[in-house]
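Reading the structure
Residues per chain, in single letters:
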Amino acid sequence: MYDNKTIRQLKKSIGNNMKKNKGERLSGIFSLFILPVLCPFLMVAHTPSFQGDNLLDVERITVEQGLSHNTVIFIFQDRLGWLWFGTGYGVNRYDGYRYENYRHDEREFAYSSWIKTMAQDRSGNYWFGTTAGLTRRDKKTGEFVFYRHNPEAPGTICSNDINTIQVAIHTGSDVLWVGTDNGLCSIIMPGTPGGNLKIKNYYPDSPDGSGLAGNHITSLLESRRRGGRSLWIGTRTGLSQLILNETNPADHKETFVNFSSDTGGNNILSGKAITSLCEIPPAKGNSPDLFVGTTAGLNRLHWDEQGKLHIKHYKNEPENPLSLSQNHVTAIKVDTLNEAEPGYGID
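Residues numbered from 1 in each chain as written. Predicted model: local features only at pLDDT ≥ 70, side-chain atom pairs only at ≥ 80, totals over all residues. Heavy atoms only, no water.

Judged by pairing direction, the sheet is antiparallel, and its 4 strands sit side by side in the order 12-13-14-15 without closing on themselves. Either end of the sheet is taken by a strand with one partner, and the two such strands are strand 12 (162–167) and strand 15 (198–202). Across the sheet, the axes of successive neighbouring strands diverge by a mean angle of 20°, strand direction being ignored. Two elements, strand 13 (residues 175–180) and strand 14 (residues 183–188), share 6 bridges in a ladder whose sense is antiparallel. Counterpart to Gly 179 in the pairing with strand 14 is Leu 184. (Pairing = 2+ DSSP bridges. Helix = DSSP H or I, 4+ residues; strand = E, 2+ residues; numbered from the N terminus. Axes fitted to C-alpha atoms, helices over the stretch in contact; angles between N-to-C directions.)

Before going further, it helps to examine a positive patch on the surface. Residues Arg 79, Arg 122, Lys 139 and Lys 140 make up a contiguous surface patch of positive charge. Along the chain, Lys 139 turns up in the loop between strand 10 (133–137) and strand 11 (144–147). (Patch = residues over 30% accessible without salt bridge, like charges linked within 9 Å, V, L, I, M, F, W, Y side chains within 5 Å. Areas by Shrake-Rupley, 256 points an atom, 1.4 Å probe, with all protein chains shown as cover. Salt bridge = Lys/Arg side-chain N within 4 Å of Asp/Glu carboxyl O. Lys, Arg positive; Asp, Glu negative; His and termini not counted. Charge placed at Lys NZ, Arg CZ, Asp CG, Glu CD.)

By the secondary structure assignment, Ile 233 is in strand 17 (residues 228–235). For Ile 233, a relative accessible area of 0% puts it in the buried group. Once residues lying within four places of it in the same chain are set aside, the contact partners of Ile 233 are Leu 184, Leu 212, Ile 217, Ser 219, Leu 220, Gly 238, Leu 239, Ser 240, Leu 242, Phe 256 and Leu 277. (Buried < 20%, exposed > 50% of the residue type's maximum accessible area, 1.4 Å probe, protein only. Contact = heavy atoms within 4.5 Å.)

Bringing the pairing of strand 6 (residues 90–94) into the picture now. Across the 5 residues of strand 6, 5 count as buried, placing the element largely inside the fold. The sheet contact formed by strand 5 (residues 83–87) and strand 6 spans 5 bridges and is antiparallel. Paired with Phe 85 across the strands is Asn 92, a residue of strand 6. In this structure, the hairpin formed by strand 5 and strand 6 is closed by a connection of 2 residues. Strand direction decides the pairing type here: strand 6 and strand 7 (residues 99–102), joined by 4 bridges, are antiparallel. The residue bridging Arg 93 from the neighbouring strand is Glu 100, located in strand 7.

The antiparallel open sheet is built from 4 strands, whose spatial order is 20-21-22-23. Two strands close off the open sheet at either side, each with one partner strand: strand 20 (274–280) and strand 23 (309–314). Within this sheet the neighbouring strands show an average axis-to-axis angle of 20°, counted without direction. Inspection of the sheet shows strand 20 paired to strand 21 (residues 289–294) by 6 bridges, in the antiparallel sense. Of the residues in strand 21, the one forming a bridge with Ser 276 is Gly 293.

Here it is, written out as structure tokens:
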């Protein structure tokens with residue numbers, strides 16, 4: 001359930017995004033889109049005016065209004081302001097008037113219609129993660145290109161079951177990180193048109209013993225702190241920090257640092273099954289803090305002025321009404337006050 005404060009923040013955020021694309025069809029149509037848990041349809045809440053914050057009109061959008069399936073897995077907004085809905089039967093693009101559906105049995109879109117995640121790279125191409133591979137939609141031609149795991153070819157993606165996609169931000173190259181149920185992939189786009197992609201896979205059992213904390217990737221977050229760039233990787237069996245080569249992303253000289261509830265020293269988390277990652281914008285001169293959601297509580301990773309890491313755990317305290325409502329954290333976001341607000345899952 002969203003409280004009034006969260007609803008106001010989401011309305012403001014979506015409204016600001018729409019103002020940036022004044023000429024686009026989607027501007028000013030909806031204020032808030034909600035994915036209800038355990039409900040077979042998408043809830044859309046909208047208000048004609050922001051005056052009555054406590055009054056929301058709710059419209060249910062189902063297959064009757066144009067969705068390809070009533071099970072909506074994610075919502076994605078691209079740079080044009082268009083909304084994309086990943087469902088159990090394809091992905092739907094909404095331009096403010098109508099839905100355009102992409103399904104594997106109607107067009108050459110993907111090998112599976114179960115769409116789990118989506119991203120838009122720096123060149124404007126769309127990437128779709130499915131249960132049967134990765135699909136790229138070319139921005140210029142509109143054509144679809146498929147990437148699938150081939151055990152006989154080391155240059156292919158590590159698995160066809162895609163869980164999450166992260167576009168690299170702090171780099172001059174066009175890089176995509178893809179989390180799967182069997183490892184992590186880095187995809188480096190060609191520098192010239194018509195060039196070949198460079199794909200490298202990462203697994204827990206690296207020869208040097210410094211691989212991933214687990215093979216099932218649940219979340220990805222790129223970060224920069226104190227001049228260094230890292231990719232944080234949440235898995236079902238721990239958290240990994242991949243310290244990246246700052247000068248040349250194609251030169252794969254990376255280092256892994258792993259965190260879990262089983263590790264010693266300063267790397268102990270409240271739980272090893274990672275569900276979500278969120279970074280808090282830093283105060284001037286400081287490094288950003290990292291919040292890590294697990295199935296056994298929330299963790300805050302803080303680096304002091306000397307660069308030493310400190311981890312604080314947050315858990316449910318039955319006698320404390322200001323503690324987490326339960327320990328299974330499902331999502332974390334940053335509000336406009338730079339504070340973390342954990343999502344508590346379902347009681």
